[in-house]
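Remarks on the overall topology
Spelled out, the chains give:
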Amino acid sequence: MSWDSVLLAVLAVSGCVTLLLTQVDDLLARLPRLIRAWRNVRRELRGDGSGDGP
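Being a predicted model, the structure only gives us computed values, none of them experimental.

Some details on the overall build of the protein chain
Helices and strands together make up the secondary structure of the protein chain, namely one helix and zero strands. Out of the 54 residues belonging to the protein chain, those deemed buried represent 0%. Total accessible area on the protein chain stands at roughly 5,200 Å², and carbon and sulfur atoms take up 65% of it.

Focus: the pattern of salt bridges
Charged atoms that come close allow side chains of opposite charge to pair. The tally for this structure, following the rule as stated, stands at one salt bridge. Here R30 and D26 are joined by a salt bridge, their closest N and O atoms 3.3 Å apart. In this pair, R30 and D26 are both assigned in helix α1 (residues 3-46), four residues apart and thus about one turn of the helix distant.

Overview of α1
The first and last C-alpha atoms of α1 sit 62 Å apart over 44 residues, in line with the 64 Å expected at 1.5 Å per residue. Considering bend angle alone, the principal kink of α1 is centred on L31 and spans about 45 degrees; proline P32 follows within four residues of it. The positive-phi residue at the C-terminal boundary of α1 is G47, with phi of around 95 degrees.

Some details on a nonpolar patch on the surface
The grouping of L20, V24, L27, L28, L31, L34 and I35 at the surface amounts to a nonpolar patch, some 620 Å² of accessible area in total. Along the chain, L27 turns up in helix α1. The class of L27 is partly exposed, set by a relative accessible area of 48%.

Cut-offs and rules
Residues numbered from 1 in each chain as written. Predicted model: local features only at pLDDT ≥ 70, side-chain atom pairs only at ≥ 80, totals over all residues. Heavy atoms only, no water. Helix = DSSP H or I, 4+ residues; strand = E, 2+ residues; numbered from the N terminus. Buried < 20%, exposed > 50% of the residue type's maximum accessible area, 1.4 Å probe, protein only. Areas by Shrake-Rupley, 256 points an atom, 1.4 Å probe, with all protein chains shown as cover. Salt bridge = Lys/Arg side-chain N within 4 Å of Asp/Glu carboxyl O. Expected span 1.5 Å × (residues − 1). Bend = angle between axes of the 7 residues up to and from the residue. Patch = residues over 30% accessible without salt bridge, like charges linked within 9 Å, V, L, I, M, F, W, Y side chains within 5 Å.

Set out below in C-alpha cells:
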C-alpha cells in the first residue's frame, strides 16, 4: 500500500463524513417544519381541523 492510496482513502473518508454531516444538519434544520406538517396532517385526518373545509 503506497502513500498515494492512503491519502486517497483519507480524502474519500473525509469527503463522505463531510457529506453525511451536511445532510444531517439539513435534516435537523427542516425537522421543526416536518413535525408541524405531520401534526397538521394528523389533525386533518381526525377531522377536528380548523380549516375552511366544506
